[in-house]
Amino acid sequence: MTFEPAKWYAATARDNNEACENAGREFEVNPLYSNGGTPQVECGLCGQPMEILTATLLEPQPEMP
């Protein structure tokens, strides 16, 4: 999956850490900021990176204050 730098997305991520209570669960992440084109989502319980399954560029992009 390719992300544009400095953009906001609506995404779905899955926790693949078998040792975590969230293992196998999918989460909606909206909004997700792409940073330099390599966004990361971490599990709130175990702190491990989650797999980004889907991502849709938000249009229009949210305005930041």
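Predicted model only: the values in this text are computed from it and were never measured. (Residues numbered from 1 in each chain as written. Predicted model: local features only at pLDDT ≥ 70, side-chain atom pairs only at ≥ 80, totals over all residues. Heavy atoms only, no water.)

Now for the overall build of the protein chain. Counting its secondary structure elements, the protein chain contains zero helices and three strands. Ordered by position from the N terminus, the helices and strands of the protein chain form the series β-β-β. Considered along the principal axes of its C-alpha atoms, the protein chain spans approximately 35 × 25 × 15 Å. The buried share of the protein chain, taken over its 65 residues, is 29%. Taking as baseline every contact in the protein chain between residues at least 6 positions apart, the subset at least 24 positions apart corresponds to 60%. For the protein chain, the exposed surface amounts to about 4500 Å²; the carbon and sulfur share of it is 47%. (Helix = DSSP H or I, 4+ residues; strand = E, 2+ residues; numbered from the N terminus. Buried < 20%, exposed > 50% of the residue type's maximum accessible area, 1.4 Å probe, protein only. Contact = heavy atoms within 4.5 Å. Areas by Shrake-Rupley, 256 points an atom, 1.4 Å probe, with all protein chains shown as cover.)

As a further point, take the environment of Phe27. Within the secondary structure, Phe27 is located in strand E2 (residues 26-33). Between the C-alpha atoms of Phe27 and Val41, which are 14 residues apart in sequence, the distance is 9.9 Å. When sequence neighbours within four positions are dropped, the list of residues in contact with Phe27 reads Ala11, Thr12, Ala13, Asn22 and Met50.

Of the consecutive residues Asn30 and Pro31, the connecting peptide bond is found in the cis state with omega at 10 degrees. With respect to the helices and strands, the residue Pro31 is situated in strand E2. With an omega of 0 degrees, the peptide bond running from Glu59 to Pro60 counts as cis. You will see that Ala6, though not glycine, has its phi angle at about 60 degrees, which is positive. Since its relative accessible area comes to 44%, Ala6 is described here as partly exposed. Although it is not a glycine, Asn35 adopts a positive phi angle of roughly 55 degrees. Overall, the relative accessible area of 44% leaves Asn35 in the partly exposed class.

Next up on the list: the environment of Gln48. One can find Gln48 in the loop between E2 and strand E3 (51-57). Each C-alpha atom of the pair Gln48 and Glu4 lies 23 Å from the other, and the pair is 44 residues apart in sequence. Sequence-distant contacts of Gln48, that is, excluding residues within four places in its chain, are made with Asn17, Val41, Glu42 and Cys43.

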